[in-house]
Amino acid sequence: MLELYDYFRSSACYRVRIVLNYKNLKYTKKEVHLVNNGGEQHSAEYKKLNPQGLIPSLLDPSNNICLTQSLAIIEYLEESYPKPSILPTDLFLRSQARALAYIISSDTHPLNNLRVLNYLKDNFNVSETDRHKWYHHWLMLGFDSIEQQIQKYKDLGHFCLGKDFSLADVCLIPQVFNALRFELSMDKYPRIMQIYKHSVELPFVADAKPS
Ligand SMILES: N[C@@H](CCC(=O)N[C@@H](CS)C(=O)NCC(=O)O)C(=O)O
């Protein structure tokens, strides 16, 4: 069975949990606690699996391989278990799904990761208030652009690209969860919030939720 190295609050893990559920794949979880013991992601044992010391990692015993990087894991799952798909068949929409996902996974989340916030605190003495401002700043830059880009699909269905759930939603939902946890006002993002509220009620998302 697939084994996910996971931490409930990790938004990168939340992405993978959503896709595993969406594709109805059975898996077990191995907790990597990001805070206890100085952060279990830094342990020598874990770094044998994932030399970056980040979660998620996914072990596929059928191929005896360990995968890293949430988007690479998700593409592996998509290619191994294509149905139901998280990528639209239309080539433009397919690219659009990836573009929206990368706004989060490449341009937003990495700037607000735990290690970045810790680095700001430990090396530059950045206060908690200013770390919050930093966090909100990068979130808003990402969300401003997503909110604008998804407007054109809003009459077509419940998701970022209209009627079909896609990779864009996989990345958006956990990022909104984090934004709410860090008390960002979402007033400027009505369409994002509509998608989030609809999605979190879906069983495959609800079962993946941090808890
Ligand atoms: N680009 C990576 C990011 C992974 C990542 O940053 N994971 C976070 C949790 S969401 C982590 O392990 N943080 C540990 C740390 O910052 O020390 C991915 O998508 O898998």
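Here goes a summary of the coordinates provided. (Residues numbered from 1 in each chain as written. Predicted model: local features only at pLDDT ≥ 70, side-chain atom pairs only at ≥ 80, totals over all residues. Heavy atoms only, no water.)

Applying the stated criterion to the full structure yields 11 aromatic pairs. Taking the centre distance of 5.9 Å and the plane angle of 40° together, the rings of Tyr5 and Tyr46 count as tilted. Here the residue Tyr5 occupies a position in strand S1 (residues 2-6), and Tyr46 occupies one in helix H2 (residues 44-49), the gap between them amounting to 41 residues. Considered together, Tyr5 and Tyr46 belong to a single accessibility category, that of buried residues. Considering the side-chain rings of Phe159 and Phe165, the 5.5 Å spacing of their centres and the 80° angle between planes classify their relative orientation as edge-to-face. Across the pair, exposure class does not vary: Phe159 and Phe165 are buried alike. (Phe/Tyr/Trp six-rings, centres within 6.5 Å; stacked < 30°, edge-to-face > 60°. Helix = DSSP H or I, 4+ residues; strand = E, 2+ residues; numbered from the N terminus. Buried < 20%, exposed > 50% of the residue type's maximum accessible area, 1.4 Å probe, protein only.)

The next thing to look at is the sheet that holds S1. Across the sheet, which stays open at both edges, the 4 strands sit in the order S2-S1-S3-S4 with mixed pairing between neighbours. Strands at the two margins of the open sheet, each flanked by one partner only, are strand S2 (27-31) and strand S4 (65-68). Across the sheet, the axes of successive neighbouring strands diverge by a mean angle of 25°, strand direction being ignored. Pairing between S1 and S2: 5 bridges, direction parallel. Bridged to Asp6 within S2 is Glu31. Strands S1 and S2 of the sheet are contacted by helix H1 (residues 11-22), whose axis makes an angle of about 155° with S1. Contacting S1, strand S3 (57-60) and S4, helix H3 (residues 70-80) runs over the sheet at an angle of about 125° to S4. (Pairing = 2+ DSSP bridges. Axes fitted to C-alpha atoms, helices over the stretch in contact; angles between N-to-C directions. Contact = heavy atoms within 4.5 Å.)

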